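Coordinates in review
These are the residues of each chain, in order.
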Amino acid sequence: MCEAIAAGLGPRGHEVRWETSAEAALALCERIVASRPDVPVVVITAFGSLETAIAAIRAGAYDFITKPVKMDALAVALSRAVQHRSLREEVKRLRHLVGEAERFDELVGDSGPMRRVRQLLDRVVDSDASVLVTGESGTGKEVVARVLHRRGRRKEGPFVAVNCAAMPEPLLESELFGHVRGAFTDARAARTGLFVQAHRGTLLLDEIGDLPLALQPKLLRALQERVVRPIGGNEEVPFDVHLVATTNRDLESAVEEGRFREDLFFRVNVIHVAMPPLRARGSDVLLLAQHFLVHHAGKAGKRVGALSPEAAERLLAYAWPGNVRELQNAMERAVALAQYDHVTVDDLPEKIRSYRPSHVLIAADDPSELVPLEEAERRYILRVVESVGGNKTLAARVLGIGRKTLYRKLVQYGASGE
């Protein structure tokens, strides 16, 4: 039987060593456990009862197979065992990296895209040039603004933030520039605007892509002249702020479509920081999950310190449309539900547990599944647009076509988003 298993596993990429006596096998196992205690064990037995399986698992076995051995089933079990060990090792490594990542505040990540973000921030942290941070919702754009403030030379000054999408135009204008007493109904007292409140500090204009068009020239003048005139006032008030703006919109397309002033775009886009979506950050998913796990376990007073390999596998497979914010919520929920010292698959939200990735069908073995070139192009273009969160400028760059060409095709597909 050993010879048959060795012959079957060899061509599948395994190196096999076997013993035929219990004494020799136990000696081999003792040496393995002494040097590599994390090596997974798969038990093969002729006694396939439930009690035997439970006993094997409790004794530390990863999997349980009954005789007669089916080679394909054994190969699958071994492959899963190897993957299980790799994920467990990755979780351990990322737990260690969490501590090292603290020097970057909340910008946790070891992937190439995040390393490039941190390198850029290191170069501009002491600059007063305006910074535009772009990215999908939940990618951590506001975190970048706060990190720039805390690590920059204005860290002793105020950090003031306003959400441009959350206020009607008259109220937003008053918030930004201030007003004098009696400037409008209910203006019973003068109010200092946020530009002046942020003097010698940082002003964050969150979701600047939603700034009303009528307010954009006033903002542009304030940024150019470094003075504001409160609503109803006659005197201009100087200010000195570092401007950071964020948006989840495609501002280049908004400029082309007349929804955002080109001169304002250039004014705020002196330094561009593009935050990658979580699905493009590889094993950062596990690093962030571990970071949030430790954070929420500490707040809840629970001794939950790790992810099970199976939970880690589901987190890696999921697409994360809500990005880092969705992952943080998932880990807060998992800590609340956890019954052990680690997070299991059952502790994750159902949509993560049941997620199955979708793929664009380019070719198939069954000729009936093949599609015309035009249909394959349509599917691929829509898949790319979906993958970049609807950012048409970025999608056109990935596809290697002009934005106008992309717009024309999306209109043709009925997916222009207009």
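Please refer to the structure higher up on the page.
Structure report, in brief. (Residues numbered from 1 in each chain as written. Predicted model: local features only at pLDDT ≥ 70, side-chain atom pairs only at ≥ 80, totals over all residues. Heavy atoms only, no water.)

Here we come to the nonpolar core. If you look at the biggest cluster of nonpolar residues, it comprises 31 residues, and the most contacted ones within it are F195, L203, L205 and I208. Elements with a minimum of two residues in this core: β4 (159-163), α7 (169-177), α8 (194-197), β7 (201-206), α9 (216-225), β10 (241-247), α10 (251-256) and α11 (262-268). Ranked by residues supplied to this core, first place goes to α9 with four residues. Those residues in contact with L205 that lie beyond four places of it in its chain are V162, C164, L176, L219, L243, V244, A245 and T246. (Core = buried A, V, L, I, M, F, W, Y, C linked by side-chain atoms within 4.5 Å. Buried < 20%, exposed > 50% of the residue type's maximum accessible area, 1.4 Å probe, protein only. Helix = DSSP H or I, 4+ residues; strand = E, 2+ residues; numbered from the N terminus. Contact = heavy atoms within 4.5 Å.)

Bringing the pairing of β7 into the picture now. In terms of residue burial, β7 counts as a mostly covered element, since six of its six residues are buried. Here β4 pairs with β7 via five bridges, running parallel. Counted as the bridge partner of V160 is L203 from β7. Direction of pairing for β7 relative to β10: parallel, over a ladder of five bridges. Note that in β10 the partner of L204 across the bridge is V244. (Pairing = 2+ DSSP bridges.)

Packing of helix α12 (residues 284-300) against helix α13 (residues 309-317) leaves a shortest axis separation of 9 Å and a crossing angle of 120°. Classified by the angle between their axes, α12 and α13 sit oblique to one another. Crossing geometry of α12 relative to α13 is assigned as right-handed. Of α13, the residues touching α12 (which contributes V285, L286 and A289) are A312, L315 and L316. The residue inventory of the contact of α12 with α13, partitioned by class, reads six nonpolar, no polar and no charged. (Axes fitted to C-alpha atoms, helices over the stretch in contact; angles between N-to-C directions. Parallel < 35°, antiparallel > 145°, perpendicular 65-115°, else oblique. Left-handed = near helix turned anticlockwise from the far one by under 90°. Nonpolar A, V, L, I, M, F, W, Y, C, P; charged D, E, K, R; others polar.)

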